[in-house]
Amino acid sequence: MKLALAGLNHRTAPVEVREQIAFRPEELPHALAVLHQQPGLREGMILSTCNRVEIAAMLDDNAASARILENFLALSHDLSAETVRPHLYLYEEADAIRHLFRVASSLDSMVVGEPQILGQLKQAYAQAREQGAIGNYLETVLTRAFSVAKRVRTETEIGQSAVSVSDAAVELAREIFGSLQRRRVMIIGAGKMSEAAARHLQRAGASEILITNRTRQRAEDLAQLFRGTVLPYEETLQRLHEVDIVIASSAAPHYVLTPEAVRRAIEARRNQPMFLIDIAVPRNIDPAIQELEHAFVFDIDDLQKIVDRNMQGRRQVADQAERMVEQEVDRMVARLRARDVTPVILSLQEELEGIRQDALQRHRAKLGNLTKEQEEALDALTRGIINKIAHGPISEMRREASDQSSSEGPQEVVSIVRRVFRLRDR
């Protein structure tokens, strides 16, 4: 059998193509069942996210990987193969293993080091396993991919630095306050940027989130999402002194927070610091507030500079992670090649042992009564002959399996041994 992986991602296909190829969650059980029925396919898994759709499969050695997987993706969405083909990539054997390891480790993601892809890959594996589409081979490769991803996370700093505006906001808040435990947050505006920043602040330990928005319904929706409290929009300035962190992302065409309003809030707070994040365009927070003592103001450009700096750092760390992946690929390939020859070695040993036992049985009557010492000597003699016969082919299969420079692996030698000794498949 051979491992193959076909798919498309954010680099090879625009979003309008990815949308056509993607599988909705409710479609996956049926899609896995259809995939498993493809001729020549033994095991399979489907990974479908907003940025990639990939099929990992174990196929018969003589199966046409590209045609099988390409046709499956096309026909699953009522598309022609010609529509899908220009955007697809295909990897086999070591290249497929390398790709899976890189995906799991977030080295192939749009944002290098993001943690979501590993969870998505684990979910895809669990669903395929539950449907009986995962066998021993894919099980071995995928569980190793998860271990490689854990090693990359543990031994490098690839996921440590902020690489989104909302991440950067939390990073800055920690620099100012240290721990964010028991810190109160006010969100002005209820758009996607505010939602992302609130999610990161809540994960970092912020204890209470007040949400205010001109449209109350949107504020209530966001408050429900984060178990927050809706604050009437007209009470924003009167309640400002109650919070440590302000995230402003409203659609207001003017400054929502002025120096005078923030000065009064800081006085009411008895000069405890306030952290104000302005991620609106046009800006919601008057930059003159930065001149006030105990007020720390950052706009979206400030946050983007942090993101750019950290992205450069992640790219450098990614080089270290790539070297780890290459080491793990070599180990995985060696392990799988050794695994490929083990059944043949066992079959050969069983076949030769059967020949030895048949010969002993046929000639035992002619030998007469043998002493215990003679029985042991005869057994050792015949076993030694069999071991010498097996030594050559076994050594050659193991040598081919360990030869990393061979793209074919031990398949040719294995095939010859099977034919010469007429071995049955195990």
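Calculation rules
Residues numbered from 1 in each chain as written. Predicted model: local features only at pLDDT ≥ 70, side-chain atom pairs only at ≥ 80, totals over all residues. Heavy atoms only, no water. Helix = DSSP H or I, 4+ residues; strand = E, 2+ residues; numbered from the N terminus. Buried < 20%, exposed > 50% of the residue type's maximum accessible area, 1.4 Å probe, protein only. Areas by Shrake-Rupley, 256 points an atom, 1.4 Å probe, with all protein chains shown as cover. Contact = heavy atoms within 4.5 Å. Axes fitted to C-alpha atoms, helices over the stretch in contact; angles between N-to-C directions. Parallel < 35°, antiparallel > 145°, perpendicular 65-115°, else oblique. Left-handed = near helix turned anticlockwise from the far one by under 90°. Nonpolar A, V, L, I, M, F, W, Y, C, P; charged D, E, K, R; others polar. Phe/Tyr/Trp six-rings, centres within 6.5 Å; stacked < 30°, edge-to-face > 60°. Polar contact = N/O pair within 3.5 Å; in protein donor to acceptor, adjacent residues only side chain to side chain. Salt bridge = Lys/Arg side-chain N within 4 Å of Asp/Glu carboxyl O. Pairing = 2+ DSSP bridges. Core = buried A, V, L, I, M, F, W, Y, C linked by side-chain atoms within 4.5 Å. Patch = residues over 30% accessible without salt bridge, like charges linked within 9 Å, V, L, I, M, F, W, Y side chains within 5 Å. Expected span 1.5 Å × (residues − 1).

Of regular secondary structure, the chain possesses 14 helices and ten strands. Projected onto its principal axes, the C-alpha coordinates of the chain cover approximately 115 × 55 × 35 Å. Within the chain, buried positions represent 46% of all 426 residues. Summed over its atoms, the accessible surface of the chain is roughly 22000 Å², and 49% of this surface lies on carbon and sulfur atoms.

Inspection of the secondary structure puts Leu-69 in helix H3 (residues 65-76). On the accessibility criterion, Leu-69 (0% relative accessible area) is buried. The residues touching Leu-69, leaving out its near neighbours within four places in the chain, are Ala-4, Leu-5, Ala-6, Leu-35, Leu-41, Ile-55, Ala-57 and Leu-90.

Let us look at the packing of helix H6 (residues 116-130) against helix H7 (residues 136-155). In the contact formed by H6 and H7, the axes pass within 11 Å of each other and the chain directions differ by 160 degrees. On the basis of the axis angle, H6 is roughly antiparallel to H7. The two elements H6 and H7 cross, and the hand of that crossing is left-handed. Between H6 and H7, the contacting residues are Leu-118, Leu-121, Lys-122, Tyr-125 and Arg-129 on the first element and Glu-139, Leu-142, Thr-143, Phe-146 and Ala-149 on the second. Of the residues belonging to the contact of H6 with H7, the class tally is six nonpolar, one polar and three charged.

On to the packing of aromatic side chains. According to the stated counting rule, one finds four aromatic pairs in the structure shown. Residues Tyr-89 and Tyr-91 carry aromatic rings whose centres are separated by 5.5 Å and whose planes lie at 35 degrees to one another, so their mutual orientation is tilted. The class for Tyr-91 is partly exposed, based on a relative accessible area of 28%. With centroids separated by 5.5 Å and ring planes inclined at 70 degrees, the aromatic side chains of Tyr-125 and Phe-146 adopt a geometry described as edge-to-face. Highlighted residues: Tyr-125 in helix H6 and Phe-146 in helix H7, separated in sequence by 21 residues. Tyr-125 sits in the buried class, given a relative accessible area of 12%.

With that settled, the discussion passes to the environment of Asn-213. With respect to the helices and strands, Asn-213 occurs in the loop between strand S6 (208-212) and helix H10 (216-226). Between the C-alpha atom of Asn-213 and that of Glu-234, which follows or precedes it by 21 residues, the distance is 9.3 Å. Once residues within four sequence positions are removed from consideration, Asn-213 is found in contact with Gly-189, Ala-190, Arg-218, Ala-219 and Tyr-233. Within the structure, Asn-213 has its side chain in polar contact with the backbone oxygen of Thr-215 (distance 3.0 Å).

Here we come to the pattern of salt bridges. The tally for this structure, following the rule as stated, stands at 36 salt bridges. With a shortest N-O distance of 3.9 Å, Lys-2 and Glu-92 are connected by a salt bridge. Of the two residues, Lys-2 sits in strand S1 (residues 2-9) while Glu-92 sits in strand S4 (residues 89-92), which places them 90 residues apart along the sequence. A relative accessible area of 32% places Glu-92 in the partly exposed class. Ionic pairing is found between Arg-383 and Glu-353, a salt bridge with its closest N-O pair at 3.9 Å. Separated by 30 residues along the polypeptide, Arg-383 in helix H13 (residues 372-402) and Glu-353 in helix H12 (residues 300-367) bring together distant segments of the chain. In this structure Arg-383 comes out as partly exposed when scored by relative accessible area, which is 36%. Its relative accessible area of 25% is what places Glu-353 among the partly exposed residues. One continuous salt-bridge network, built from bridges that share partners, spans Arg-11, Arg-52, Glu-54, Arg-102, Asp-108 and Glu-322.

By way of backbone hydrogen bonds, the strands of a sheet pair with one another, either parallel or antiparallel. Strand order in the open sheet formed by six strands is S7-S6-S5-S8-S9-S10, with parallel pairing between adjacent strands. A strand with exactly one partner marks an edge of an open sheet, and here the two such strands are strand S7 (229-230) and strand S10 (295-299). Across five bridges, strand S5 (residues 184-188) lies against S6 in parallel orientation. Along S6, the bridge assignment pairs Ile-188 with Thr-212. Of the strands in this sheet, S5, S6 and strand S8 (245-248) are in contact with helix H9 (residues 192-203), which crosses S8 at around 155 degrees. Sitting on the sheet, H12 touches strand S9 (274-278) and S10, and the angle it makes with S10 is about 75 degrees.

With that settled, consider the nonpolar core. The tendency in soluble globular proteins is for nonpolar side chains to be buried side by side. By size, the foremost hydrophobic cluster in this structure holds 67 residues, and its most contacted members are Met-45, Ile-46, Leu-69 and Ile-97. Counting 31 residues, the second largest nonpolar core, distinct from the first, contains Val-185, Ala-206, Ile-279 and Met-311.

As a further point, take a nonpolar patch on the surface. On the surface, a cluster of nonpolar side chains totalling about 270 Å² of accessible area is made up of Leu-381, Ile-385 and Ile-389. Within the secondary structure, Ile-385 sits in helix H13.

It is worth spelling out the packing of H12 against helix H14 (residues 411-421) at this point. Packing of H12 against H14 brings their axes to within 11 Å, and their N-to-C directions diverge by 20 degrees. The angle between H12 and H14 places the two elements in the roughly parallel class. For H12 against H14, the interelement crossing comes out left-handed. Residues Asp-340, Val-341, Val-344, Leu-348, Glu-351 and Leu-352 of H12 form the contact with H14, whose own contacting residues are Gln-411, Val-414, Val-417, Arg-418 and Phe-421. Of the residues in the contact of H12 with H14, the class split is seven nonpolar, one polar and three charged.

The first and last C-alpha atoms of H7 sit 28 Å apart over 20 residues, in line with the 28 Å expected at 1.5 Å per residue. Within the span of H7, buried status applies to Tyr-137, Leu-138, Thr-140, Val-141, Leu-142, Ala-145, Phe-146, Val-148, Ala-149, Arg-151 and Val-152. Where H7 is buried, its residues contact S1, strand S2 (41-48), strand S3 (52-59), helix H5 (94-104), H6 and H12.

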